[in-house]
Amino acid sequence: MIDSTDELKQDVIIKSRKQIVMSGVMDVNSFDEHEVIVQTNSACASIEGENLKIDRFNSQNGELIVNGTINGIFYYNKEPGKKKKGIGTLFK
């Protein structure tokens, strides 16, 4: 489990665009060879690239290691691609 003193701490290390090491990861929401979507302790993050493979995910300490060609990492306040549903969408 993530220690409460590290609750909002998150480190991201990208090694030569071939590997990304993240801390503070709470869950892997989805993944394929082009995108890995994770829930961190502060936001949702999307790792984008080519030939992506999850090498290791430890939910106890929040460490995630992804190998492949890393093109970018993006943070969202909610999961990317999901739209908020509300009363306005009922009438469209």
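See the structure printed just above.
Read on for a plain summary of the structure. Once a new chain begins, its residue numbering starts again from 1 and follows that chain's sequence as written. With the structure being a predicted model, the display of local features is reserved for residues of pLDDT at least 70 and the display and counting of side-chain atom pairs for 80 or more, all residues being used for whole-chain, interface and lining totals. As a rule here, side-chain values cover all heavy atoms of the structure and leave hydrogens and water aside.

What about the overall build of the protein?
Put simply, DSSP marks the helices as runs of H or I at least four residues long and the strands as runs of E at least two long, and each gets a number from the N terminus on. A count of helical and extended segments in the protein gives one helix and six strands. Scanning the protein from its N terminus toward the C terminus, one meets helices and strands in the order β-β-β-β-β-β-α. Buried, partly exposed and exposed residues are distinguished by accessible area as a fraction of the type maximum, computed with a 1.4 Å probe on protein chains only: under 20%, between the cut-offs, and over 50%, respectively. A burial count over the protein gives 29% of its 92 residues as buried. Reported accessibility uses the Shrake-Rupley method at a 1.4 Å probe radius. Residues are deemed covered only where the shown protein chains occlude them. With an accessible surface of roughly 6300 Å², the protein has 51% of that area assigned to carbon and sulfur atoms.

Quick notes on the pattern of salt bridges
Each salt bridge in this description consists of a side-chain nitrogen of Lys or Arg and a carboxyl oxygen of Asp or Glu lying within 4 Å of one another. The full count for this structure, using the stated rule, is two salt bridges. For Asp11, the salt bridge is made with Lys9, and the minimal N-O distance between the two is 3.9 Å. The partly exposed category is assigned to Asp11, whose relative accessible area is 39%. Glu63 is the salt-bridge partner of Arg56, the closest N and O atoms lying 3.4 Å from each other. Owing to a relative accessible area of 43%, Arg56 belongs among the partly exposed residues under this scheme.

Description of a nonpolar patch on the surface
Taken together, Val12, Ile14 and Tyr75 make up a surface patch of nonpolar side chains, about 240 Å² in accessible area. Along the chain, the position of Tyr75 falls in strand S6 (residues 63-76). Here the term patch refers to residues with relative accessible area over 30% and no salt bridge, with like charges joined within 9 Å and nonpolar side chains (Val, Leu, Ile, Met, Phe, Trp, Tyr) within 5 Å.

What to know about the sheet that holds strand S3 (residues 25-31)
Two strands pair under a simple rule: DSSP has to find at least two bridges between them. Across the sheet, which stays open at both edges, the six strands sit in the order S1-S2-S6-S5-S4-S3 with antiparallel pairing between neighbours. Sheet topology places strand S1 (12-15) and S3 at the edges, where each strand pairs with a single neighbour. When strand polarity is set aside, the average angle formed by the axes of neighbouring strands in this sheet is 45 degrees. Of the strand pairs in this sheet, strand S2 (residues 19-22) and S6 are connected by four bridges, and their pairing is antiparallel. Across the sheet, Gln19 pairs through a bridge with Asn67, a residue of S6. The axes are straight lines fitted to the C-alpha atoms, using for helices just the contacting stretch, and the angles between their N-to-C directions are given from 0 to 180°.

Quick look at the nonpolar core
Among the buried residues, those of types Ala, Val, Leu, Ile, Met, Phe, Trp, Tyr and Cys that are joined through side-chain atoms within 4.5 Å form a nonpolar core. Counting twelve residues, the largest nonpolar core is built from Ile20, Met22, Val25, Val28, Val36, Val38, Ala45, Ile47, Leu52, Leu64, Val66 and Ile70. Going through the elements one at a time, S2, S3, strand S4 (35-40), strand S5 (44-58) and S6 are the ones with two or more residues in this core. Whether two residues touch is decided by their heavy atoms; if any such pair falls within 4.5 Å, the residues are in contact. In this structure Val66 touches Lys18, Gln19, Ile20, Val36, Ile47, Leu52, Lys53, Ile54 and Asp55, once residues within four positions along its chain are discounted.

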